[in-house]
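So the chains spell out like this:
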Amino acid sequence: MQIDIQGLTKTYTTWNRGSTFSEVLKSLVRREKTDVHALKGIDLSIDSGELVGFLGPNGAGKSTMLKILTGVLYPTAGSVSVMGVCPWKDRKKYVAGIGAVFGQKSQLVWDIPPADSFMMNQAIYRIPDARFRRTMDRLVDMLSVRDQMKQPTRNLSLGERMKCEFIMAMLHEPRIVFLDEPTIGLDVIAKDKIRAFIQEMNRDGVTFILTTHDLDDVERLAQRVIVINHGSIVFDDGISALRQHFGAKKIITASCAAPCFVSTEDGVSALPSGVSLLSRLSESDVVLECDTSVMDLPSLIRLVSETFGLRDLVVEDIPIETVIKELYAKE
Ligand SMILES: Nc1ncnc2c1ncn2[C@@H]1O[C@H](COP(=O)(O)OP(=O)(O)OP(=O)(O)O)[C@@H](O)[C@H]1O
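Calculation notes
- Along each chain, residues carry numbers from 1 onward, in the same order as the chain's sequence is written.
- At least 70 in pLDDT is required for a residue's local features to be given in this predicted model, at least 80 for side-chain atom pairs to be given and counted, and no such filter applies to totals for whole chains, interfaces and linings, which use all residues.
- For helices, the fitted axis covers only the stretch in contact; all axes are lines through C-alpha atoms, and the angles between them, taken along N-to-C directions, range from 0 to 180 degrees.
- The way it works is that DSSP assigns letters per residue, a run of H or I at least four long becomes a helix, a run of E at least two long becomes a strand, and they are numbered from the N terminus.
- An angle counts as roughly parallel when it lies under 35 degrees, as roughly antiparallel when it exceeds 145, as roughly perpendicular when it falls between 65 and 115, and as oblique in every other case.
- Crossing handedness: left-handed means the near helix sits turned counterclockwise from the far one by under a right angle, and right-handed means the same turn made clockwise.
- Residues are scored as being in contact if the C-beta atoms we place from backbone atoms lie within 7 Å.
- Only Asp, Glu, Lys and Arg are considered charged in this grouping, and only Ala, Val, Leu, Ile, Met, Phe, Trp, Tyr, Cys and Pro are considered nonpolar; every other residue, Gly among them, is considered polar.
- A helix's residues, less one, multiplied by 1.5 Å, set its expected span.
- Every C-beta atom is placed from the backbone, and the number of other C-beta atoms within 10 Å of a residue's own sets its class: buried at 20 or more, exposed at 12 or fewer, partly exposed in between.
- For two strands to be treated as a pair, DSSP must find no fewer than two bridges joining them.
- We call a residue near a molecule or strand when its C-beta atom, built from the backbone, sits within 6 Å of it.

> With reference to specific residues and values, describe the packing of helix 6 (residues 158–170) against helix 7 (residues 188–203).
Across the interface, helix 6 lies against helix 7 with an axial gap of 10 Å and an inter-helix angle of 15°. Between helix 6 and helix 7, the interaxial angle falls into the category roughly parallel. Considering only the axes of helix 6 and helix 7, their crossing is right-handed. Residues Gly159, Met162, Lys163, Phe166 and Met170 of helix 6 touch helix 7, and the partners they reach there are Ala190, Ile194, Phe197 and Met201. Along the lines of polarity and charge, the residues of the contact of helix 6 with helix 7 split into 7 nonpolar, 1 polar and 1 charged.

> Help me get a handle on helix 6, residues and values and all.
Taking 1.5 Å as the rise per residue, helix 6 with 13 residues should run 18 Å; its terminal C-alpha atoms sit 18 Å apart, in good agreement. Three or more residues of helix 6 are buried, namely Met162, Lys163, Cys164, Glu165, Phe166, Ile167, Met168, Ala169 and Met170. Among the structural elements, strand 5 (98–102), helix 4 (114–124), helix 5 (129–142), strand 6 (176–180) and helix 7 are those in contact with the buried residues of helix 6.

> A description of the pairing of strand 5 should follow, citing residues and the corresponding values.
With respect to burial, strand 5 is a largely interior element, 4 of its 5 residues being buried. Of the pairings in the sheet, the one linking strand 5 to strand 6 comprises 5 bridges and is parallel in character. From the neighbouring strand, Val101 faces strand 6, where its bridge partner is Leu179.

> Explain the site of the ligand residue by residue, including any values.
Near the ligand, the surroundings consist of Tyr12, Thr14, Val36, Ala38, Gly56, Asn58, Gly59, Ala60, Gly61, Lys62, Ser63 and Thr64. Looking at the shell around the ligand, the elements with two or more residues in it are strand 1 (3–16), strand 2 (32–46) and helix 2 (62–69). If one sorts the elements of the shell around the ligand by residue count, helix 2 sits on top with 3 residues.

And the structure:
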């Protein structure tokens, strides 16, 4: 096991100063304390080579978790061991083995070309010359940024800069890389390139811990999804299990020859149990949600076909957004 987290708890204490003049004056003598329970006793283990996606609504505790795992914040209680090291206790030894890419924060020096920033990292991590050249050449070719190497970072597009951020984070060949919103603001082509890069590095055995609000990132990359809400883990499994979390539901778009499931005075009387009408596109075109644990799909298709004369049919999984929205809404 590469990462072992037990009972991880973080409580932020803030002091209420008040907003009116008299409240601020009073707070000089006696201030009210507010505790924010950002992480409430998290237990988690992650194996070497995993690609884990952390999801959660705003304020769920993801950044707090990432900050503790990268060693920039210490917890209120609990233990963390990453490759046998406690991140916030033995920082010097720890940072040599990890990498980090933050979509909203740059590690490159703005006024100098990426190639010079890379050489700074070579010195910081004491990477031998031959190994540095070999790793840099490989990464630069993988991400196709050779033409950008000699230009000042401030002149690069967001996509070019993000690719260079990845190179910067991978030069010392870390075994674990933390990614915080790595594709934020990128166009679809740049996103694809970066995702392919992450997958290739993962195939080489690098463990990735990815925090994001981009469900495409999670669907395309993560083998395991951990959803945090109100400081606790509310889901920890694969992406297909996430889809099944609220039952085996399917979305069916049916185009029929005759008007189908039309409303009567008593409501939509013809709908069988386990099936609900999501939307009506026209009298004879409907979008249905089918709970296949109640009504199996072949029976529903047969019923629609025999009753209304089926012309066209599309069966889809529940959109991952719907599942996530329901998980987030749960207290
Ligand atoms: N330095 C701090 N002092 C006080 N409270 C804090 C501090 N940092 C975070 N919090 C609170 O802790 C909770 C968790 O915050 P955190 O930033 O970890 O959430 P998050 O899941 O990363 O959210 P987002 O997706 O919006 O970045 C929030 O209620 C936040 O207001």
